[in-house]
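The lines below spell out each chain.
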Amino acid sequence: MTFFLLRSTRRALLRGLLLSLGCAACLSATSTSAQARPFLVCIDPGHPSETSDGASDNGLSENKLNWQVGQKLRQKLLARGIAVVMTKSRLNQNVTNRRRAEIANQAHADILIRLHCDDGSGRGFGWYYPDRSGHKYGVSGPPREVQAASREAATLINSAMIPVLRGSLSSNPVRTDAATFVGGNQGGVLTGSIFARVPTALIEMCFINKRSDARFIASTQGQDKMATALTVGIEHYLKNRRLWASR
Ligand SMILES: [Zn+2]
């Protein structure tokens, strides 16, 4: 925060100096470079972690699906000039949920996107965000402003994804961490959310125990479509967000 204020103050002083010199061309160049930082998305392909190795059903491994879609999403975001940091560097790397959030925090990511697949009663994709603060390992979080920005992110991304996936996957209402199994068992907040200091949203991309959902997410075309829908959703969020700007 201090750094940001200092940098803003310096920029304002420079702008004033340039204006007093009548240097319009210099001013626009300065403004452009000040806004040149690319968006940065932290992609978190869920599992394995301290909680679980991920679901398996219909011959599918959730861990593998999360990883495959994560890799495709990474490529698509990079192709659109959006920087990416991953929470894992290989399929079976075990990373705690706390660490996943800390990777996003340390990178000052604009958003932490957590990729999962569900196994239970339901169908289609659904987003989850933290709407309250939880406590774990002596830490409380996420802060109120992260909760609000996470809600905004989940809502905007979800709305932009629905038309892309229509006919392939059904959508579900955006819900809070409290509606998840793990979140519901620890005060209504997921561990990754408690430690997040940047906006965070988790998607259950489908239900792998549902035959039609499983067929979709197992296919290359389905994974491509999911990654495209996520890219469209993330871009929509980054362009239209009102509550958050990391740096
Ligand atoms: Zn999962």
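Thresholds applied
- Numbering of residues starts from 1 in every chain and runs along the sequence as written.
- Two thresholds apply to this predicted model, a pLDDT of at least 70 for residue-level local features and 80 or more for giving and counting side-chain atom pairs, whereas whole-chain, interface and lining totals are computed over all residues.
- Backbone-placed C-beta atoms define the burial measure: a residue is buried with 20 or more other C-beta atoms within 10 Å of its own, exposed with 12 or fewer, and partly exposed in between.
- Helix and strand labels come from DSSP, where a helix needs a run of H or I of at least four residues and a strand needs a run of E of at least two; each type is numbered from the N terminus.
- Pairs of strands are assigned from DSSP output, requiring at least two bridges between the strands.
- The directions considered for the arc are those from the helix axis to the C-beta atoms.
- Whether two residues are in contact is decided by their C-beta atoms, placed from the backbone, lying within 7 Å.
- Fitting a line to C-alpha atoms yields each axis, with helices limited to the stretch in contact; the angle taken between N-to-C directions then spans 0 to 180 degrees.

A. Fine view of the pairing of strand β5 (residues 111-118). Burial of β5 is extensive: eight of the eight residues sit out of reach of the surface. Where burial is concerned, the two faces of β5 agree: the one with Ile-111, Ile-113, Leu-115 and Cys-117 and the one with Leu-112, Arg-114, His-116 and Asp-118 are both buried. Note: strand β1 (residues 40-45) against β5, five bridges, orientation parallel. Along β5, the bridge assignment pairs Ile-43 with Ile-113. Bridge count for β5 against strand β10 (residues 200-207) is six bridges, and the pairing is parallel. Looking at β10, one finds that Leu-112 is bridged to Thr-200.

B. Examining helix α4 (residues 97-106) more closely. All buried positions along α4 are accounted for by Asn-97, Arg-100, Ala-101 and Ala-104. Viewed end-on, α4 has its buried residues packed into an arc of 95°, placing them on one side of the element. Of the surrounding secondary structure, the elements contacted by the buried residues of α4 are β1, β5, α7 (191-194) and β10.

C. A look at the sheet that holds strand β4 (residues 83-86). With respect to topology, six strands assemble into an open sheet ordered β4-β1-β5-β10-β6-β9, the strand pairing being mixed. Each of the sheet's edge strands pairs with one partner strand only, and the pair in question is β4 and β9 (175-176). Of the strands in this sheet, β1, β4, β5 and β10 touch helix α3 (residues 62-79), which is tilted by about 145° from β5. Contacts from helix α8 (residues 211-218) reach β5 and β10, with the element oriented near 115° to β10.

D. Representation of the pairing of strand β6 (residues 126-129). Side chains Gly-126 and Tyr-128 project from β6 onto one buried face, and the interleaved Trp-127 and Tyr-129 project onto a second face that is buried too. In this sheet, β10 lies alongside β6 in antiparallel orientation, the contact comprising three bridges. Residue pairing in the sheet places Gly-126 in a bridge with Glu-204 of β10. The pairing of β6 with β9 spans two bridges and is parallel. Within β9, the position partnered with Tyr-129 by the bridge is Thr-176.

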